[in-house]
Amino acid sequence: MLEIFLQTLPFFCVIGLGFGAGRTGFFTEEATAWLTKFVFYFALSAMLFRFSANLSFGEVFNIRFIAAYLWATAFVYGVVMMAAFLRGASIEEAAFESQCGVIGNVGFLGVPMLTLLMGEAAIGSVMLVLSIDLIVFGSLVVILVTGSRDGAVGLGALKTVGLGLLKNPMIVSIVLGLGWSALKLPIPGVMNDFLSLLGGAATPGALFAIGASLATKKAERPLIAGWLSFSKLVLHPGAVAFSALILFPVEPYGAAVMIAAAALPVAGNVYILAEHYRIAPQRVSASILISTALAVVTVSLVIGWVGQLY
């Protein structure tokens, strides 16, 4: 377990470096925004395209894997939402708390970290988790919020969801990469070197950007944020483990990657949406801060445990 902790520690050290740079003002909020944009639209997209272009659709699409992850994530989503309703929260607040409980930082943290720690063979499973998070649950929060405000789910909400997916570079790069693979097109040496060079900036850039963005967040309403962090770091991977190992048995390596991905801290894009809709941004911000800090230990524990499955 100590060996796993030491393997994950450098990733969180880069996050800590970014946090320190942001906290001291050496790296401003504007600089963080531009770095995040570079990673999101260029470096991470290059990495995802290169990985997916070397996969086949059959390697990525696994109905049992999808069923296991969907069931577990929907279950925890419902638990967190019910807890919010019992506390008197609105549908909108409950939707965002549920997002915090199940949507991990798979894009910026999971893709670079899990592929390095668990091998490049993990990328297919990681991308499938990422796609489900973005397409299913990313769409669900928009539908719940707009439906609550409008009194019904109209074409406007569906249009917003559709455009959001089309404009998401992670989804676009995965689809284009799988399309490239399906057409059996070779990747020229120059193109492969270009993608490798650009994609290589994704890991340090994404981790540093996570840390710098955390520097502006405050742990307000820590009790609720603590519950949401517990849901994300413990309940979600626990439910995924039960689903992938017992309910919908997935082959050991795929199950291990799925569980590790579910153990990641709350994703930063949940805060972006919360800020956009003006729904509990401080609560979401605190959940990201607390869960990321605790993930230094919890992610190492989960990766150490799932490593025994395969």
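Bear in mind that the values here come from a model prediction, so they are computed numbers and not experimental data.

Draft legend 1. The arrangement of a nonpolar patch on the surface in detail. Judged by side-chain polarity, Trp71, Phe75, Phe242, Leu245, Ile246, Leu247 and Trp305 come together as a nonpolar surface patch covering roughly 650 Å² of accessible area. Breaking the nonpolar patch down by element, the ones donating at least two residues are helix 4 (63–86) and helix 12 (222–247). Mapped onto the elements, Trp305 comes out in helix 15 (residues 281–306).

Draft legend 2. Layout of the nonpolar core. Of all hydrophobic cores here, the largest spans 97 residues; its most connected members are Leu44, Phe96, Met113, Met118 and Met258. It is helix 7 (residues 123–150) that provides the largest number of residues to this core, a total of 12 residues. If we skip the residues at most four places from it in the chain, Phe96 touches Val141, Val145, Val270, Leu273, Ala274, Tyr277, Ile279 and Val284. Judged by nonpolar contacts, the second largest core, of 5 residues, contains Ala46, Phe49, Ala53 and Leu198.

Draft legend 3. View of the side chain of Ser287. Among the secondary structure elements, Ser287 is positioned in helix 15. Ser287 gets classed as buried once you look at its relative accessible area, which sits at 0%. Apart from the residues within four sequence positions on either side, Ser287 is in contact with Cys100, Ala225, Leu228, Ser229 and Val266.

Draft legend 4. Seen up close, the packing of aromatic side chains. In total, this model carries 11 aromatic pairs according to the counting rule given. Aromatic pair Phe96 and Tyr277: ring centres 6.5 Å apart, planes at 55°, arrangement tilted. Placement of Phe96 in helix 5 (residues 91–102) and of Tyr277 in helix 14 (residues 268–277) is noted, with a sequence separation of 181 residues between them. The residues Phe96 and Tyr277 share a single accessibility class, namely buried. An aromatic cluster is built from Phe40, Tyr41 and Phe108, whose rings are joined through pairwise contacts.

Draft legend 5. Geometry of the pattern of salt bridges. This model, assessed by the stated rule, comprises 4 salt bridges. Here Glu93 and Arg283 are joined by a salt bridge, their closest N and O atoms 3.2 Å apart. Separated by 190 residues along the polypeptide, Glu93 in helix 5 and Arg283 in helix 15 bring together distant segments of the chain. The exposure class assigned to Arg283 is buried, which follows from its relative accessible area of 8%. Salt-bridge contacts for Arg283 lead to Glu97; the nearest nitrogen and oxygen are separated by 2.6 Å. In this pair, Arg283 is assigned in helix 15 and Glu97 in helix 5, connecting sequence segments 186 residues apart. Here Arg283 matches Glu97 in class, with each residue buried. Because the salt bridges share partners, they merge into one network encompassing Arg87, Glu93, Glu97 and Arg283.

Draft legend 6. Representation of the packing of helix 12 against helix 13 (residues 252–262) within the structure. Where helix 12 contacts helix 13, the two axes come as close as 8 Å, and the packing angle between them is 160°. Taken together, helix 12 and helix 13 sit at an angle that is classed as roughly antiparallel. In this structure, the crossing between helix 12 and helix 13 has a hand that is right-handed. The segment helix 12 lies against helix 13, with Lys232, His236, Pro237, Val240, Ala241, Ala244 and Leu245 engaging Ala255, Met258, Ile259 and Ala262. Of the residues belonging to the contact of helix 12 with helix 13, the class tally is 9 nonpolar, 1 polar and 1 charged.

Draft legend 7. Representation of helix 10 (residues 189–199). Those residues of helix 10 that sit buried are Leu195, Leu198 and Gly199. Each buried residue of helix 10 sits inside an arc of 95° when the element is viewed along its axis, so together they form one side. Turned more than 90 degrees off the buried face of helix 10, the exposed positions are Val190, Asp193 and Leu197.

Draft legend 8. Expanded view of unusual backbone geometry. In this model, Arg278 sits at a positive phi of 60°, which is unusual for a non-glycine residue. Tracing the sequence through the fold places Arg278 in the loop between helix 14 and helix 15. Judged by relative accessible area, Arg278 falls into the exposed class, the value being 64%. Unusually for a residue other than glycine, Ala280 sits at a positive phi of about 45°.

Draft legend 9. Local environment of the environment of Ile224. Summarising the element assignment, Ile224 is placed in helix 12. By relative accessible area, which is 11% here, Ile224 ends up buried. C-alpha separation for the pair Ile224 and Ala43, spaced 181 residues apart in sequence, amounts to 34 Å. Residue contacts for Ile224: discarding those within four places in its chain leaves Arg87, Glu97 and Arg283.

About the criteria used
- Residues numbered from 1 in each chain as written.
- Predicted model: local features only at pLDDT ≥ 70, side-chain atom pairs only at ≥ 80, totals over all residues.
- Heavy atoms only, no water.
- Patch = residues over 30% accessible without salt bridge, like charges linked within 9 Å, V, L, I, M, F, W, Y side chains within 5 Å.
- Areas by Shrake-Rupley, 256 points an atom, 1.4 Å probe, with all protein chains shown as cover.
- Salt bridge = Lys/Arg side-chain N within 4 Å of Asp/Glu carboxyl O.
- Helix = DSSP H or I, 4+ residues; strand = E, 2+ residues; numbered from the N terminus.
- Core = buried A, V, L, I, M, F, W, Y, C linked by side-chain atoms within 4.5 Å.
- Buried < 20%, exposed > 50% of the residue type's maximum accessible area, 1.4 Å probe, protein only.
- Contact = heavy atoms within 4.5 Å.
- Phe/Tyr/Trp six-rings, centres within 6.5 Å; stacked < 30°, edge-to-face > 60°.
- Axes fitted to C-alpha atoms, helices over the stretch in contact; angles between N-to-C directions.
- Parallel < 35°, antiparallel > 145°, perpendicular 65-115°, else oblique.
- Left-handed = near helix turned anticlockwise from the far one by under 90°.
- Nonpolar A, V, L, I, M, F, W, Y, C, P; charged D, E, K, R; others polar.
- Arc of directions from axis to C-beta.

Taken by themselves, the reported measurements are silent on function.
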